[in-house]
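If you want the building blocks of each chain, they are given just below.
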Amino acid sequence: RNDDKAITDSFRALSARLPTPSALTDLDITLVSGYWNNASGSSLNVFRFLEPLLSITTLRAMKCTFKDRRIDLPGEDLLSILAGWPELDTLSIHIYDTRKQLTRSPTLHTLVDVARHYPQLRKLVLPKFSEPVQGAQIPTLAHGLKELWVAHIPEKHVYQIAVALDKLFPNLIVDIDYPFS
């Protein structure tokens, strides 16, 4: 049995049944492995998982939480998710135990693209950053992002990431507590 396919088929059916345009503006999805079989142990690609829901173009807030499941969220997929929901001002993708459960993750270069192309975004929650490229040039941009939560940042790159984030998102509210701890 492929529960990943069953879930995406359910999302596809939900999207098909909603009127166009939909009045749905907020969606909160939580998947717990005890109710979701993944016998192969493979990583779930978050973009492919959410893709059937991208037809709901009225979404302003999407929260997706995974427990006990490996996921894959490369930067280009994060950008595709944001492109699919043009009205989105809040995107939260959270997993428990980020050090063991995330295969690929966004980079600082992904956030440069977020700052350049998605001015409406005000809150972004990510499970992890990939290690930054040494010597990477980060432009100074004035994106209005107010909240950025990242569960795991490589310790040896905290300063480099902090400087880059200050250049990209000067309006960030700084807080050291992660909202899911």
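Above this text sits the structure in question.
Just so you know, these numbers come straight off a predicted model, no measurement behind them.

Time to look at the overall build of the chain. When its secondary structure is counted, the chain shows six helices and seven strands. Within the chain, the proportion of its 181 residues that are buried is 46%. When the accessible surface of the chain is split by element, carbon and sulfur atoms take 51% of a total near 9,500 Å².

The topology assignment puts threonine 65 in strand E3 (residues 61-67). With relative accessibility at 5%, the residue threonine 65 sits in the buried group. Taking the C-alpha atoms as reference points, threonine 65 and leucine 31, separated by 34 residues in sequence, lie 6.3 Å from one another. Ignoring sequence-local partners within four residues, the contact set of threonine 65 consists of Ile29, Thr30, Leu31, His94 and Tyr96.

Let's shift gears to the packing of aromatic side chains. With the rule as written, the count across this model stands at two aromatic pairs. Chaining the aromatic ring pairs together yields one cluster made of Phe11, Phe49 and Phe66.

Scoring rules and cut-offs
Residues numbered from 1 in each chain as written. Predicted model: local features only at pLDDT ≥ 70, side-chain atom pairs only at ≥ 80, totals over all residues. Heavy atoms only, no water. Helix = DSSP H or I, 4+ residues; strand = E, 2+ residues; numbered from the N terminus. Buried < 20%, exposed > 50% of the residue type's maximum accessible area, 1.4 Å probe, protein only. Areas by Shrake-Rupley, 256 points an atom, 1.4 Å probe, with all protein chains shown as cover. Contact = heavy atoms within 4.5 Å. Phe/Tyr/Trp six-rings, centres within 6.5 Å; stacked < 30°, edge-to-face > 60°.

Any functional reading would require information beyond the geometric quantities listed.
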